[in-house]
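As a plain string of letters, each chain reads:
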Amino acid sequence: MVADLRAPIRANAVNPGQKAAECRFCNRIRQRFGRWFALAQYGFPFAIGFPASAVARFRAGGRARYAHRSAGARLLIYIAMTAGWPVGAFLTAHRTIARMRTRGQRPCGGRVLLDMYWLALRYSIPPLEYALYRLNEPDRRRNVHDYVYWNDLPALAALVARAGADDRDVRDKSRFAEICTANGFPHVQKLASFQGGRQIHPASPFIPDAPALWVKPLGLDRRAAGCKWVKDGDSYRDGNGRRSAPGLLAEQLRQQDCIVQRFVENHHAVARISNGALAVLRIVTGMNEHGHAEFVTSLIALPQGRSETTIGGINCAIARDTGRITHALKPIEDPIAQHPDTGAPIVGLVLPFWHESVALVLRAHASAFPRFPFLGWDVALTEDGPLLLETNAGWGALFHQMLDGPIGHTAFSRLVGQYV
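Looking only at helices and strands, the protein chain features 15 helices and 13 strands. Scored against the burial criterion, the 420 residues of the protein chain give a buried share of 46%. Carbon and sulfur atoms provide 56% of the accessible area of the protein chain, an area that totals close to 20,800 Å².

Put into C-alpha cells, the structure is as follows:
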C-alpha cells in the first residue's frame with residue numbers, strides 16, 4: 001500500500017509531463033463542470049417556511065433566480081443545488097471552524113459547528129458569514145433574517161432585470177463614463193478605452209502623455225485589478241518597475257479590454273490615511289416608489305501596504321449626519337485606529353466633501369439610472385471635490401454589515417419591500 005501511494009510521486013519525478021497532463025485534465029474538469037460545482041455554494045433553490053422580514057422575502061425570491069432558463073436546465077440546476085449544498089455547506093463550515101481556531105475566535109467547538117451547519121441547511125446562510133457576523137451571539141442571532149448574504153447577489157441581479165434596467169450602463173465602465181459626461185456629473189476623466197483588440201475611444205490614435213494613468217478592466221473582471229502607470233522621463237513605469245514607451249504601452253493596452261483614466265490624487269485629509277493609492281468612498285443608494293433616490297449605507301476603503309487598490313484594505317464606518325469615521329476594521333474584522341503605513345489616526349476624521357458626495361450620488365441615481373433598484377457608488381475625494389469612479393448593481397453587503405450590522409436595519413429593508 002505504501003508503495004502504491006508513493007508511485008505517483010516517483011512517476012512525476014521520472015516523467016514531469018505526467019503532472020502537466022494531470023493539471024490539464026483537472027483544468028478541463030473545472031472548465032466543463034466548474035459552474036455546476038459552484039452551485040453547491042449558493043444554498044437551496046427554495047426557501048423553507050414563511051419569510052420573517054422584507055429582507056428574508058428578498059432572499060426567498062432570489063431562490064428562484066433561474067426562472068428564465070428552460071424547464072430542463074432549471075431542473076438540472078435545482079437538482080445540483082439541492083444535492084450539493086449540504087455537502088458544500090458542511091465542508092465550508094469545517095474550514096471556517098478551523099480558521100476560527102487559528103485566529104483565536106471563540107467559541108469554535110462542535111456546538112458552533114453544528115449550529116453553523118443547521119443555519120446553512122435551514123436558511124441557506126453561508127458558514128463563513130455566520131462566523132464574520134458572529135451569529136452564535138444571542139444579540140446578533142436575533143437579527144439573522146435582516147442580513148443580506150453573499151449568495152444573495154444573484155437576487156440583486158434579478159431585481160435589476162425585473163425593473164427593466166440595462167446592466168450594461170454600469171457594467172461597461174466606458175459607457176458609464178459617457179453617461180456621466182452627458183449628464184454633467186463630475187467623474188474621473190476617461191482618456192481611452194479598448195475592447196476586442198481595437199480602440200473604441202477616442203477617435204484618433206491614443207498615445208498617452210498624462211503624468212499618471214490608471215488602467216482598469218472595462219467590465220466586471222474580478223480576476224484583474226487596476227494598475228497605475230507613472231510617466232518617468234520618456235517612458236511609463238508601473239508599480240512593479242516595468243517600463244514601457246508611450247507608443248508601446250498604447251499597443252499593450254489595445255490587447256486588453258480596459259479603460260484608461262487620468263490618475264487622481266486623494267484630498268490631503270484623506271491622503272494621511274492612505275498608503276498613497278486612491279481611497280474609495282462607497283455609498284449605496286436605493287430608489288423609492290416616488291422616483292427619488294435614498295441613502296442606504298456607506299463606508300470608505302483605505303489602501304494599505306503595497307497595494308495599489310483597496311482590495312484587502314481597511315474598511316471604515318461613517319456617521320451619516322457628519323461624515324465622521326466612527327470605527328475601522330482590517331480585512332479579517334480586526335479593529336484598527338491608526339493607518340499602519342502612515343500612523344495617522346483614522347477614527348475621528350471627518351471626510352471632506354461628505355455631504356456633497358451623498359448629494360452627487362443621489363442625484364446621479366435618480367436622474368441617470370432610475371431603473372436600477374439599488375446601486376453601490378465608488379467616489380474619489382479630491383482637492384476639487386468628489387468624483388464618480390464607477391457604480392455597480394451587484395455591490396455586495398459583506399463589509400457594510402461587518403461594520404454597521406445587518407443592512408435590513410437601514411432603508412434597504414423598506415425599499416426592497418417594494419419589489420418583493
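What follows covers empty space enclosed by the protein. Summed over the entire model, instances satisfying the criterion amount to 2 cavities of 30 Å³ or more. What the second largest cavity holds in volume is close to 40 Å³. What lines the second largest cavity is Thr297, His400, Gln401, Asp404, Gly405, Pro406, Ile407 and Thr410. Counting residues per element, the lining of the second largest cavity draws most heavily on helix H14 (residues 398-404), which supplies 3 residues. Looking at side-chain class alone, the lining of the second largest cavity contains 2 nonpolar, 5 polar and 1 charged residues.

Below, the discussion takes up the sheet that holds strand E13 (residues 385-392). To summarise the sheet geometry, strands pair through backbone hydrogen bonds and adopt either a parallel or an antiparallel arrangement. The strand order across the open sheet built from 6 strands is E11-E10-E9-E8-E12-E13, with neighbouring strands paired in antiparallel fashion. For this open sheet the edge positions go to strand E11 (325-329) and E13, each flanked by a neighbour on one side alone. In this sheet, adjacent strand axes meet at a mean angle of 30° when their direction is disregarded. The pairing of strand E8 (residues 280-287) with strand E9 (residues 293-302) spans 8 bridges and is antiparallel. Looking at E9, one finds that Val284 is bridged to Thr297. Sitting on the sheet, helix H10 (residues 173-183) is in contact with strand E12 (374-382) and E13, with an inclination near 135° to E13.

Bringing the packing of helix H4 (residues 71-103) against helix H5 (residues 110-123) into the picture now. Contact geometry for H4 and H5: axes closest at 9 Å, N-to-C directions at 145°. Between H4 and H5 the crossing geometry is right-handed. Between H4 and H5, the contacting residues are Trp85, Pro86, Ala89, Phe90, Ala93, His94, Thr96, Ile97 and Met100 on the first element and Val112, Leu113, Met116, Tyr117, Ala120 and Leu121 on the second. For the contact of H4 with H5, the residue count by class is 13 nonpolar, 2 polar and no charged.

Rules and cut-offs
Residues numbered from 1 in each chain as written. Predicted model: local features only at pLDDT ≥ 70, side-chain atom pairs only at ≥ 80, totals over all residues. Heavy atoms only, no water. Helix = DSSP H or I, 4+ residues; strand = E, 2+ residues; numbered from the N terminus. Buried < 20%, exposed > 50% of the residue type's maximum accessible area, 1.4 Å probe, protein only. Areas by Shrake-Rupley, 256 points an atom, 1.4 Å probe, with all protein chains shown as cover. 1 Å grid on protein atoms, 1.4 Å probe; cavity = no way out; pocket = protein on both sides within 12 Å on 5 of 7 lines; lining within 4 Å. Points joined across faces, edges and corners; volume = space filled by probe spheres on them. Nonpolar A, V, L, I, M, F, W, Y, C, P; charged D, E, K, R; others polar. Pairing = 2+ DSSP bridges. Axes fitted to C-alpha atoms, helices over the stretch in contact; angles between N-to-C directions. Contact = heavy atoms within 4.5 Å. Left-handed = near helix turned anticlockwise from the far one by under 90°.

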